Amino acid sequence: MNDADVSRQIQQMVRFIRQEAEEKANEISVSAEEEFNIEKLQLVEAEKRKIRQEYERKEKQVEVRRKIEYSMQLNASRIKVLQAQDDLVNSMKDTAAKELLDVAGHHHAYKNLLKDLIVQGLVRLKEPAVLLRCREEDLELVDAILDPAKDEYAEKAGVHSPEIIVDNDVYLPSAPSHDHTHEQFCSGGVVLASRDGKIVYENTLDARLDVVFRKKLPEIRKLLYSQVVA
């Protein structure tokens, strides 16, 4: 092999090596670009996810705040409705209490009512002797109906006529006046107690109103609620 052949082979080898190097360099460049694009895409997707998550978080916060505000407004509205119902209920009770003040003014009817209240108290206590307290202005009426009340109770209960001791020292409060509207008062009725004072039965008109009102309160509230809903 002469020098020309050697030179030709060397040049072929150089071209081959250069071609291999260029192809390898191209492969590396393409691979690097692909990896860069993949990494760039991953970074973009990661940022998108972060943005979406942040948006969803803020959206949830807004929704939570909206629900809280709605709940607070709803509760405030319910409280207003309940307060209005309470005010109306109290107004109804005050009206009924004022009407009770007229009961004692009807002499004959109030006299019979006092007798019935005393008999009812005797039936509740079932005591052979009781203490009775009334308003000072009712003392004359009470004295007049004691015997009929005792006889009626004895007949109903099938027992001897009980002893009723009227308290002439301490009286129930009188009806309210325009000048003393905030003091204790009694619209009428009686309070009975066992002789030792351990058992007390309050059978005043005001106590009866409280009892009736407590029993009827669910019905009253139901009626008021149905009117509000309607």
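Quick caveat, the model's predicted, so the values are computed rather than measured. (Residues numbered from 1 in each chain as written. Predicted model: local features only at pLDDT ≥ 70, side-chain atom pairs only at ≥ 80, totals over all residues. Heavy atoms only, no water.)

Asker: Run through a nonpolar patch on the surface, naming residues and quoting values.
Answerer: A cluster of nonpolar side chains, namely Val6, Ile10 and Val14, defines an oily patch on the protein surface of about 220 Å² accessible area. The partly exposed category is assigned to Val14, whose relative accessible area is 38%. (Patch = residues over 30% accessible without salt bridge, like charges linked within 9 Å, V, L, I, M, F, W, Y side chains within 5 Å. Areas by Shrake-Rupley, 256 points an atom, 1.4 Å probe, with all protein chains shown as cover. Salt bridge = Lys/Arg side-chain N within 4 Å of Asp/Glu carboxyl O. Buried < 20%, exposed > 50% of the residue type's maximum accessible area, 1.4 Å probe, protein only.)

Asker: How would you sum up the pairing of strand S1 (residues 129-134)? Please name residues and give values.
Answerer: Successive residues of a regular strand alternate their side chains across the two faces of the sheet. Where S1 lies against strand S2 (residues 163-166), 4 bridges are found, and the strand directions are parallel. Bridge pairing links Leu131 to Ile165 in S2. Between S1 and its parallel partner S2, the chain crosses via helix H3 (residues 139-157), and the hand of that crossover is right-handed. Alignment of S1 against strand S3 (residues 189-194), held across 5 bridges, turns out to be antiparallel. Directly across from Val130, in S3, lies its bridge partner Ser194. (Pairing = 2+ DSSP bridges. Helix = DSSP H or I, 4+ residues; strand = E, 2+ residues; numbered from the N terminus. Right-handed = clockwise from strand over helix to strand, strands pointing away.)

Asker: Got a sec to walk through the packing of helix H2 (residues 107-125) against H3? Specific residues and values, please.
Answerer: Two packed helices can be described by the angle between their axes and the distance between those axes. Running from amino to carboxyl end, H2 crosses H3 at an angle of 45 degrees, the nearest separation of the two axes being 8 Å. Classified by the angle between their axes, H2 and H3 sit oblique to one another. Judged by the twist between their axes, the crossing of H2 over H3 is right-handed. Where H2 abuts H3, its residues His107, Tyr110, Lys111, Leu114, Lys115, Ile118, Val119, Leu122 and Val123 lie against Leu141, Val142, Ala144, Ile145, Leu146, Pro148, Ala149, Glu152, Tyr153 and Lys156. (Axes fitted to C-alpha atoms, helices over the stretch in contact; angles between N-to-C directions. Parallel < 35°, antiparallel > 145°, perpendicular 65-115°, else oblique. Left-handed = near helix turned anticlockwise from the far one by under 90°. Contact = heavy atoms within 4.5 Å.)

Asker: Lay out unusual backbone geometry in plain terms, naming residues and giving numbers.
Answerer: At Lys126, a position not held by glycine, the phi torsion is positive, near 55 degrees. Relative to the assigned elements, Lys126 resides in the loop between H2 and S1.

Asker: Please provide a residue-by-residue account of H3, values included.
Answerer: Working note: α-helix, 3.6 residues per turn, so residues spaced by three or four point in the same direction. Helix length check: H3 (19 residues) gives 26 Å between terminal C-alpha atoms against 27 Å at 1.5 Å per residue, within 8%. At Ile145, H3 is bent by approximately 45 degrees, the largest bend along its length, and proline Pro148 sits one to four residues beyond. Those residues of H3 lying buried are Leu139, Leu141, Val142, Ile145, Leu146, Ala149, Lys150, Tyr153 and Ala154. Those residues of H3 hidden inside the fold are in contact with H2, S1 and S2. Of the residues trailing H3, Gly158 is marked for its positive phi of about 70 degrees. (Expected span 1.5 Å × (residues − 1). Bend = angle between axes of the 7 residues up to and from the residue.)

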